[in-house]
Amino acid sequence: MSTFSAPAMELTPKPSYAADGAQLLEVSMGPQHPSTHGVFRMDVALDGETVVKLKPIFGYLHRNHEKLGEDQSYIASMPYTDRLDYFCSMTNNWAYALAVEKLAGIVVPERAEYLRVITAELTRLQNHTSLVGFLMQDMGASGTPLMYAFREREKILDLFESLSGARMMCNYMRFGGCRVDLPKGWQQQAQSVVDAYPKFLDEFEALLTSNEILMARTQGVGALSSELAIAAGITGPMLRASGVNYDLRKVDAYGIYDRFQFRVPLGDHGDVYDRCMVRLLEMRESLEILKQALRDLPEGPIQDPKTKVRNFKPKPGEAYGRIEAPKGELGFYLISDGSANPYRFRVRPPSLINLTILEDLCLGRNIADVVIILGSVDIVMGEVDR
Amino acid sequence: MLGVGVLKGLVETARNFFGSYVSEERLTTLQYPEETSPRIEASRSFPFLVYDGSDWQQGMRCVSCQICEKECPPKCIFIEKSPDKKPDAVGKMQFYPAKFDIDISVCMSCQICVEVCPFDAIKMDVDYNLSATNRFSDLLLDKERLSKSNEYYHEIHPTEAASVDADLAAAREKAAPKPAAPATAAVQTAGTGGAAS
């Protein structure tokens, strides 16, 4: 029984009871539980196997990201954003760069915009691939689908490494563009990865989507109504699985997303199965965007020459930059007072806000369903705790 | 019919299992300590200091301007300026670091120090076999352990090093018309001239 504001510690907590008088079993899942995707804890009260209460407890990975951002120069926060959602450092970089560009009124060159779209869609591909793999792992398909997913993810990480120097902590984007241009042969390599990907997705779907065990396990589990999803501020694939057509790439058309033809897959029931399927379908659309972006990639500069790396001081003002990260709407809110450090640095993490309705999804379900519901929310604790 | 989906999935598993015997695509694992994957040129681990020529103290490019120390996000660089001056890579009299430490247990390999360095003195290494028995002294690298030759830099990042050398040669040519210190300039060109051309 731990909360941050517990007035008095009770050494022997009083047992709680269900309506019919049966004693509830309180289980503390985590923080080191293989299903919790990092250091995350759920205090679950169980009536038999049914969940009657669930309290998420987090903060184990808190590292003061926002305050650190206010204490350092603008560029120094860029490598820290990699560590928010460490699966998707490219999109984190982009969201932060977008916020600063809005704040300082920087124009990004054409080629850099294309590079950003390419890296962001590759990030979405590898995030969704590994998420589906992890979800299968949570369901008890030990290893096999996850290893297939990681095999494909590794190809994309190799692309990231040859572009930015690091597999996961890319630190690739800069205010007004990108850090380095594509190395020789990168575009062909990316093209071959993109060309080979549909075959893998076909195999992956054959492996999973018509599997009766998987369907029995996921359909109707953790259903999220569109009303609740909207009211709770859920974004990303989770919101679209509930049937709400809201994709920032379409709604906001940030960057150059209005130039690409792609569809937004929507779910119907908002259950775990729909969330999984929406992600599988989104990967196909990402491939479409990648094909168009790689085909249209123009020549030119990749960095706005007027933007300085050092002594970067934007005019006083505020800006909110948001993008459709693989997990949902990732936003950075910055206030500048004209000095070299931001006056306020705020992150809107999709994982945290998608996690807020965990109890609503889990009430009345079995304890085993809690694991896959949490898996289908797609959280990364680096982003939840910041 | 119930069970068809499971069988379809098992066919995929079988295809991957038997495919791993014949197809490179499906067998991507390596026997790590014996085999390693080919190194990607752009990859980076931790920073090192470049020196020209054969003497690391004489040829060190760092002029102790302390910009990297100031810009480093986790503040893992510690520099102490020298009391006297010596000629730098382009033959100009400059300070040098009396002390230059990088705590690589703090460093997060973001390479912002490399980006802000105006003298091309600090670059990213690629060595990742960095296990140490003492977590304090072994991971706090001093000036001597950080210094690596320009030839080593060429070896690990050939494309990048070539363009850096071209830039430095251009800067040296620009500085050359003034006959400032012919003796020291000769020392410097002996160090980097060959690599640049």
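Because the structure is predicted, anything quoted here is derived from the model rather than measured.

## Overview of the overall build of chain A
Okay, so step 1: When you go through chain A residue by residue, the secondary structure sums to 15 helices and eight strands.
Okay, so step 2: By the compact-globule yardstick of 21 Å for 386 residues, chain A fits well, its C-alpha radius of gyration being 22 Å.
Okay, so step 3: In terms of principal-axis extent, the alpha carbons of chain A reach across some 70 × 50 × 35 Å.
Okay, so step 4: Within chain A, the proportion of its 386 residues that are buried is 60%.
Okay, so step 5: With an accessible surface of roughly 15000 Å², chain A has 55% of that area assigned to carbon and sulfur atoms.
Okay, so step 6: When the 42 positive and 49 negative side-chain charges of chain A are each reduced to one mean point, those points stand 6 Å apart.

## Quick word on the overall build of chain B
Okay, so step 1: Per the secondary structure count, chain B includes eight helices and six strands.
Okay, so step 2: Mapped from its N terminus to its C terminus, chain B presents α and β elements in the order α-β-α-α-β-β-α-β-β-α-β-α-α-α.
Okay, so step 3: Sequence separation of 24 or more characterises 69% of the internal contacts of chain B that already satisfy a separation of 6 or more.
Okay, so step 4: Here chain B displays about 11200 Å² of accessible surface, and carbon together with sulfur accounts for 58% of that area.

## A word on the environment of alanine 19 of chain A
Okay, so step 1: The topology assignment puts alanine 19 of chain A in the segment before strand E1 (25–29).
Okay, so step 2: Sequence spacing of alanine 19 of chain A and aspartate 47 of chain A is 28 residues, and the spatial spacing of their C-alpha atoms is 10.0 Å.

## Considerations on the packing of helix H4 (residues 110–139) of chain A against helix H14 (residues 367–377) of chain A
Each pair of packed helices can be summarised by the angle the axes make with each other and by the distance between the axes.
All names here are of chain A.
Okay, so step 1: Where H4 meets H14, the axes come as close as 9 Å, and the angle between the chain directions of the two elements is 175°. Of the possible angle classes, the one that applies to H4 and H14 is roughly antiparallel. Taken together, the residues of H14 that come into contact with H4 (itself represented by Leu131, Leu135, Asp138 and Met139) are Val371, Ile372, Gly375 and Ser376.
Okay, so step 2: Residue composition of the contact of H4 with H14, grouped by class: five nonpolar, two polar and one charged.

## Quick notes on the environment of isoleucine 256 of chain A
Residues and elements named next belong to chain A.
Okay, so step 1: Inspection of the secondary structure puts isoleucine 256 in the loop between helix H10 (248–251) and helix H11 (272–296).
Okay, so step 2: Put simply, isoleucine 256 and arginine 116 are 140 residues apart on the chain and 9.4 Å apart in space, counted from C-alpha to C-alpha.
Okay, so step 3: In this structure isoleucine 256 touches Glu113, Tyr114 and Val117, once residues within four positions along its chain are discounted.

## Remarks on H11 of chain A
Okay, so step 1: Counted at 1.5 Å a residue, the expected span for H11 of chain A with its 25 residues is 36 Å, and the 36 Å between its end C-alpha atoms agrees.
Okay, so step 2: For H11 of chain A, the tally of buried residues reaches 18 of 25 residues, placing the bulk of the element in the interior.

## Comments concerning the pattern of salt bridges
Residue and element names in this part refer to chain A.
Okay, so step 1: Counted under the stated rule, the structure contains 39 salt bridges over all chains.
Okay, so step 2: A salt bridge links glutamate 121 to arginine 249, with the shortest nitrogen-to-oxygen separation between them at 3.4 Å. Residue glutamate 121 is located in helix H4, and its partner arginine 249 is located in helix H10; the two are separated by 128 residues in the primary sequence. Here the two residues glutamate 121 and arginine 249 agree in accessibility, since each one is buried.
Okay, so step 3: The residue arginine 240 makes a salt bridge to aspartate 247 at a minimum N-O spacing of 3.8 Å. Residues arginine 240 and aspartate 247 agree in their burial class; the two are buried.
Okay, so step 4: When salt bridges with common partners are traced through the structure, they connect Glu121, Arg124, Arg240, Asp247, Arg249, Glu282 and Glu324 into a single cluster.

## As for a positive patch on the surface
Okay, so step 1: Side chains of Lys308 and Lys313 of chain A together with Lys70 and Lys75 of chain B sit close together on the surface and give a patch of like positive charge.
Okay, so step 2: By the secondary structure assignment, lysine 313 of chain A is in the loop between H11 and strand E6 (317–325).

## Considerations on the packing of aromatic side chains
Think of a pair of aromatic rings as described by two things: how far the centres are apart, and how the planes are tilted against each other in angle.
Okay, so step 1: Using the criterion set out here, one finds 22 aromatic pairs over all chains in the structure.
Okay, so step 2: Where tyrosine 86 of chain A meets phenylalanine 87 of chain A, the ring centres are 6.0 Å apart and the plane angle is 35°; that geometry is what we call tilted.
Okay, so step 3: Through pairs of rings, three or more aromatic residues link up here, namely Tyr74, Tyr96, Phe175, Phe312, Phe332 and Phe345 of chain A.
Okay, so step 4: Stacked on the ring of phenylalanine 150 of chain A, the Lys or Arg arginine 153 of chain A has its end atom at 4.9 Å from the ring centre.
Okay, so step 5: We note lysine 85 of chain B situated over the ring of phenylalanine 95 of chain B; from NZ or CZ to the ring centre the distance is 5.0 Å.

## Structural notes on the confidence of the model for chain B
Residue and element names in this part refer to chain B.
Okay, so step 1: Per-residue pLDDT for chain B averages 79, and the proportion of residues at 70 or more is 86%.
Okay, so step 2: Confidence over residues 180–197 falls short of pLDDT 50; this stretch has 20 contacts with residues more than four positions distant or in other chains.
Okay, so step 3: Confidence estimates for the predicted assembly give a pTM of 0.84 and an ipTM of 0.78.

## Observations concerning the sheet that holds strand E6 (residues 147–149) of chain B
Residue and element names in this part refer to chain B.
Okay, so step 1: Read from one edge of the open sheet, three strands run E4-E1-E6, paired in mixed fashion. Each having just a single partner strand, strand E4 (122–124) and E6 make up the two edges of the open sheet. Across the sheet, the mean angle separating the axes of adjacent strands is 50° when strand polarity is ignored.

## Section: the interface of chain A and chain B
Okay, so step 1: Listed by partner, the interface residues are 33 residues for chain A and 32 residues for chain B.
Okay, so step 2: A buried area of about 2600 Å², summed over both sides, lies between chain A and chain B, and 51% of it is on carbon and sulfur atoms.
Okay, so step 3: The largest per-residue losses of area from chain A upon contact with chain B belong to Arg151, Glu212 and Arg310 of chain A, which jointly make up 22% of the total buried on that side.
Okay, so step 4: On inspection of chain A and its partner chain B, the count reaches two salt bridges.
Okay, so step 5: For the pair chain A and chain B, the number of links is 14 residue pairs in polar contact (both at pLDDT 80 or more).
Okay, so step 6: Listed by contribution, the elements that provide at least two residues to the side of chain A that touches chain B are helix H2 (78–82), helix H5 (144–164), helix H6 (186–208) and helix H7 (212–218) of chain A.
Okay, so step 7: For the side of chain A that touches chain B, the leading source of residues is H5 of chain A, giving eight residues.
Okay, so step 8: Residues that form the side of chain A that touches chain B fall into these classes: 12 nonpolar, 10 polar and 11 charged.

## A closer look at unusual backbone geometry
Okay, so step 1: Here the phi dihedral of alanine 253 of chain A falls at roughly 50°; this positive angle occurs in a residue that is not glycine.
Okay, so step 2: Summarising the element assignment, alanine 253 of chain A is placed in the loop between H10 and H11.
Okay, so step 3: On the basis of relative accessible area, alanine 253 of chain A is assigned to the partly exposed category, the value being 25%.
Okay, so step 4: Positive phi values are uncommon outside glycine, yet lysine 75 of chain B reaches one of about 55°.
Okay, so step 5: Structurally, the position occupied by lysine 75 of chain B is in the loop between helix H3 (67–71) and strand E2 (77–87).

What counts and how
Residues numbered from 1 in each chain as written. Chains lettered and ligands numbered in written order. Predicted model: local features only at pLDDT ≥ 70, side-chain atom pairs only at ≥ 80, totals over all residues. Heavy atoms only, no water. Helix = DSSP H or I, 4+ residues; strand = E, 2+ residues; numbered from the N terminus. Rg over C-alpha atoms; globule rule 2.2 N^0.38 Å. Buried < 20%, exposed > 50% of the residue type's maximum accessible area, 1.4 Å probe, protein only. Areas by Shrake-Rupley, 256 points an atom, 1.4 Å probe, with all protein chains shown as cover. Lys, Arg positive; Asp, Glu negative; His and termini not counted. Charge placed at Lys NZ, Arg CZ, Asp CG, Glu CD. Contact = heavy atoms within 4.5 Å. Axes fitted to C-alpha atoms, helices over the stretch in contact; angles between N-to-C directions. Parallel < 35°, antiparallel > 145°, perpendicular 65-115°, else oblique. Nonpolar A, V, L, I, M, F, W, Y, C, P; charged D, E, K, R; others polar. Expected span 1.5 Å × (residues − 1). Salt bridge = Lys/Arg side-chain N within 4 Å of Asp/Glu carboxyl O. Patch = residues over 30% accessible without salt bridge, like charges linked within 9 Å, V, L, I, M, F, W, Y side chains within 5 Å. Phe/Tyr/Trp six-rings, centres within 6.5 Å; stacked < 30°, edge-to-face > 60°. Lys NZ or Arg CZ within 6 Å of the ring centre and 35° of its normal. pLDDT = per-residue confidence, 0-100. Pairing = 2+ DSSP bridges. Buried area = accessible area lost by both parts, 1.4 Å probe. Polar contact = N/O pair within 3.5 Å; in protein donor to acceptor, adjacent residues only side chain to side chain.

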